[in-house]
Amino acid sequence: QKEVEQDPGPLSVPEGAIVSLNCTYSNSAFQYFMWYRQYSRKGPELLMYTYSSGNKEDGMLTAQVDKSSKYISLFIRDSQPSDSATYLCALSGSARQLTFGSGTQLTVLP
Amino acid sequence: GAGVSQTPSNKVTEKGKYVELRCDPISGHTALYWYRQSLGQGPEFLIYFQGTGAADDSGLPNDRFFAVRPEGSVSTLKIQRTERGDSAVYLCASSLIGGNTDTQYFGPGTRLTVL
């Protein structure tokens, strides 16, 4: 079983929809939770970073962490075609390296 | 300012050959990371440098893989006796000091194809 599980999709939604992306993890040592966006043939780009249970908002993005359930989510409100990309959750603990999910491929249709 | 750059962007080689992949981190960043991303997967950690030294090389798959950062800036990932299974995108990231709360900034990657 992988340390971090993420539904690979693909996920296709109409423009303006609310998108929900999720990851589950098994290692309770993970303390830091991130979401990256990766466009085709580009490197991952950090969108959100959290380190505690609860919600964090940034513009149209909300990151949610539930440490008791080992479940993290990213919500995208009013999604746009430019949001079409692969979304990766990434977690870290005492070690500096990131452990990534497999990524969810999102397409927002105009 | 310039981001993380990686060269070459694409590398095609034959099974058994030696390859070197280069990473130029963001100026002033002391921490540098190498990851490998296979098709349809998330990046997997290979090695982490703090300054010139490898602080954690637990992700290197075997002794065919080696990385250096002699002057604490540019890093080279070296793969000996390449195998078809080494085909992947090799990503480099850098961060300011290497702390857990540091943002890791990724380069565009080098796409390695082993024929």
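Scroll up a little and you will see the structure.
Since the model is a prediction, treat every value here as computed from it, not as a measurement.

Conventions adopted
Residues numbered from 1 in each chain as written. Chains lettered and ligands numbered in written order. Predicted model: local features only at pLDDT ≥ 70, side-chain atom pairs only at ≥ 80, totals over all residues. Heavy atoms only, no water. Buried < 20%, exposed > 50% of the residue type's maximum accessible area, 1.4 Å probe, protein only. Helix = DSSP H or I, 4+ residues; strand = E, 2+ residues; numbered from the N terminus. Pairing = 2+ DSSP bridges. Contact = heavy atoms within 4.5 Å. Buried area = accessible area lost by both parts, 1.4 Å probe. Salt bridge = Lys/Arg side-chain N within 4 Å of Asp/Glu carboxyl O.

Colleague: For this particular structure, what's the right way to read the pairing of strand S7 (residues 65–68) of chain B?
Modeller: The side chains of a regular strand alternate between the sheet's two faces. All names here are of chain B. The alternating pattern of S7 places Phe-65 and Ala-67 on a buried face and Phe-66 and Val-68 on a face that is not buried. Here S7 pairs with strand S8 (residues 75–79) via 4 bridges, running antiparallel. Within S8, the position partnered with Phe-65 by the bridge is Ile-79. Here S7 folds back onto S8 in antiparallel fashion, the turn holding 6 residues, of which Gly-72 has a positive phi close to 80°.

Colleague: Is there a simple way to explain the interface of chain B and chain A in this structure?
Modeller: Interface extent is often summarised as the accessible area lost during association of the parts. Facing 23 residues of chain B, the contacting portion of chain A comprises 21 residues. Of the roughly 1,600 Å² buried where chain B meets chain A, counting both sides, 50% is carbon and sulfur surface. Counting the surface chain B buries against chain A, the share from its top three residues, Pro-43, Asn-100 and Phe-106 of chain B, is 32%. Linking chain B with chain A are 0 salt bridges.

Colleague: What exactly am I supposed to notice about unusual backbone geometry here?
Modeller: A negative phi angle is the norm for most residues apart from glycine, just as the trans form is the norm for most peptide bonds. For the bond from Gly-9 of chain A to Pro-10 of chain A, the omega torsion is 10°, close enough to zero to count as cis. Along the polypeptide, Pro-10 of chain A turns up in the loop between strand S1 (4–6) and strand S2 (11–14). Cis peptide bonds are those with omega within 30 degrees of zero, and the linkage from Thr-7 of chain B to Pro-8 of chain B qualifies with -10°. Phi at Lys-70 of chain A is positive, roughly 55°, even though this residue is not glycine. Considering the arrangement of structural elements, one finds Lys-70 of chain A in the loop between strand S7 (61–66) and strand S8 (71–76). Relative accessible area serves as the criterion here: at 25%, Lys-70 of chain A is assigned to the partly exposed category. Of note, Arg-81 of chain B is a non-glycine position whose phi angle comes to about 45°, a positive value. Inspection of the secondary structure puts Arg-81 of chain B in the loop between S8 and strand S9 (88–95). Classification of Arg-81 of chain B by relative accessible area gives partly exposed; the value is 46%.

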